Amino acid sequence: MITTTHLYKTFSGVRALDDVSLSVPEGEIFGVVGTSGAGKSTLIRTLNGLEKPDSGTVEVAGRTITALTGEALRDARHDIGMIFQHFNLLSRRTAAGNVSLALEAQGVSRRERTARVGEILDLVGLGDKAHAYPSELSGGQKQRVGIARALATSPRVLLSDEATSALDPETTLSILDLLRTLNRELGLTVLLITHEMDVVKGVCSSAALMEHGRVVETGRLHDLLRTPGSVIARQLFPLGDVPAVGSGTVVDVTFTGLSATEPVITRLARHHTADVGLLGAAIETINGVQTGRTRLEIPAAADTAAVLADLRSQGLVVEEVSRA
Ligand SMILES: Nc1ncnc2c1ncn2[C@@H]1O[C@H](COP(=O)(O)OP(=O)(O)OP(=O)(O)O)[C@@H](O)[C@H]1O
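Since the structure is predicted, the reported quantities are computational estimates derived from the model, not experimental observations.

**Observations concerning the side chain of E217**
With respect to the helices and strands, E217 occurs in strand 10 (residues 214-220). Here E217 is buried and forms no salt bridge, its nearest opposite-charge partner R234 lying at an N-O distance of 7.6 Å. Of the polar contacts made by the side chain of E217, one reaches the backbone nitrogen of V231; its length is 2.8 Å.

Have a look at this one:
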């Protein structure tokens, strides 16, 4: 649904996009993460043609955005909704007036607009706020208006630029819930940029990590969790710094779809008479699947190779963090 091929963009010597090739299948919720200045906003702006890359192509919903200008680009943008961190609502228009804007630009009749705006405000749970002005709405309600506005033209793709960053945790959850519902019920493909790993955990099925304009890692979350060395997996499961303890080998073990870590430790103790130390553990629900990561210390006296082989034979992902 979204494909970028070898995108480059430089701003006065700063390479904001450096050979970015990404592919987001239809119906996916795809997260783009990365530190400040990594190029995330530049990327999202190239997707709806707000920014022209120096080279490379962008295809969204079957149209080559990078080849379009003027009317054709405006037309293609009806397939691409966008929501923003600070909502970007017109303060002098009501919720309904804000949602109606894109339809007015499209020349949709007043009667059709009224029906569509009512329908879409109901969809985002704001049916009773049609006549409220942005100043009369909470942050979460403003973002719902932003989402309704983005959906007014029935886009196939929704781009979200830090849409929950200005919201409190509870409101963030309700907006993520709404995005999930829209994804499921409308088949909407969502690409969101965020600096919050909780957002990635909460809604994304896939993610990409950007650094200095480059995509340095990308994939489905469950595959990344099984990829030793994955930075995204580590950020999803922050186990902290490796403590300078003992003389054993420290490993991170990832379980998917299992919650209990204890059987693994007791099994090791039983089979290898190894007194394995538990240095850290985190359990998270990712895409509805309970996933856990533990940090274990295998004592120097144990047969480390045999312990690692045993863990791997159980289908666990084992990553050596430090070796005895
Ligand atoms: N219009 C512009 N003019 C000059 N430099 C720009 C412009 N837009 C982006 N840049 C530079 O390009 C780089 C990437 O910026 P971008 O805003 O895409 O990063 P980001 O990952 O979205 O960061 P943040 O999370 O802080 O928004 C930065 O070094 C930024 O200063």
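Resuming the write-up.
**Quick word on the UniProt feature "domain: ABC transporter" (unreviewed entry) in the protein chain**
On the UniProt side, "domain: ABC transporter" (unreviewed entry) is annotated at positions that read residues 2-237 here. Between the end C-alpha atoms of residues 2-237 the distance is 28 Å, and the span holds 38% helix and 27% strand.

**A word on the pairing of strand 4 (residues 55-60)**
Relative to strand 4, strand 1 (residues 2-11) is paired through five bridges, and the arrangement is antiparallel. For T5, the partnering residue across the bridge sits in strand 4 and is T57. In this structure, strand 4 lies alongside strand 5 (residues 63-64), joined through two bridges in antiparallel fashion. Bridge pairing links E59 to T64 in strand 5. Once strand 4 ends, the chain turns through two residues before running back antiparallel as strand 5, passing A61 with a positive phi of about 50 degrees.

**Some details on the sheet that holds strand 14 (residues 317-322)**
Pairing within the open sheet is antiparallel, and its four strands lie in the order 12-13-11-14. Both outer strands of the open sheet, strand 12 (277-286) and strand 14, are each paired with one neighbouring strand and no more. Ignoring strand direction, the axes of neighbouring strands in this sheet form an average angle of 20 degrees. Pairing analysis gives five bridges linking strand 11 (residues 249-256) to strand 14, with the strands arranged antiparallel. Note that in strand 14 the partner of T254 across the bridge is V317. Where helix 11 (residues 304-313) meets the sheet, its contacts fall on strand 11, strand 13 (289-298) and strand 14, and the angle it forms with strand 14 comes to roughly 145 degrees.

**Structural notes on the pattern of salt bridges**
Pairs may arise between side chains of opposite charge once their charged atoms sit close together. Tallied over the entire structure, the rule returns 17 salt bridges. Measuring nitrogen to oxygen at the nearest pair gives 3.1 Å for the salt bridge that ties D79 to R63. On the criterion of sequence distance, the pair formed by D79 in the loop between helix 2 (70-77) and strand 6 (80-84) and R63 in strand 5 is long-range, its members being 16 residues apart. For R63, a relative accessible area of 28% puts it in the partly exposed group. A salt bridge links R93 to E104, with the nearest nitrogen and oxygen atoms 3.0 Å apart. Of this pair, R93 sits in the loop between strand 6 and helix 3 (95-105) while E104 is found in helix 3, placing the two residues eleven residues apart along the sequence. Relative accessible area serves as the criterion here: at 24%, R93 is assigned to the partly exposed category. Among the ionic contacts, a cluster of salt bridges with common partners joins K9, R45, E51 and D54.

About the cut-offs
- Residues numbered from 1 in each chain as written.
- Predicted model: local features only at pLDDT ≥ 70, side-chain atom pairs only at ≥ 80, totals over all residues.
- Heavy atoms only, no water.
- Helix = DSSP H or I, 4+ residues; strand = E, 2+ residues; numbered from the N terminus.
- Buried < 20%, exposed > 50% of the residue type's maximum accessible area, 1.4 Å probe, protein only.
- Lys, Arg positive; Asp, Glu negative; His and termini not counted.
- Salt bridge = Lys/Arg side-chain N within 4 Å of Asp/Glu carboxyl O.
- Polar contact = N/O pair within 3.5 Å; in protein donor to acceptor, adjacent residues only side chain to side chain.
- UniProt positions renumbered as here; feature names shortened; annotations may be inferred.
- Pairing = 2+ DSSP bridges.
- Axes fitted to C-alpha atoms, helices over the stretch in contact; angles between N-to-C directions.
- Contact = heavy atoms within 4.5 Å.

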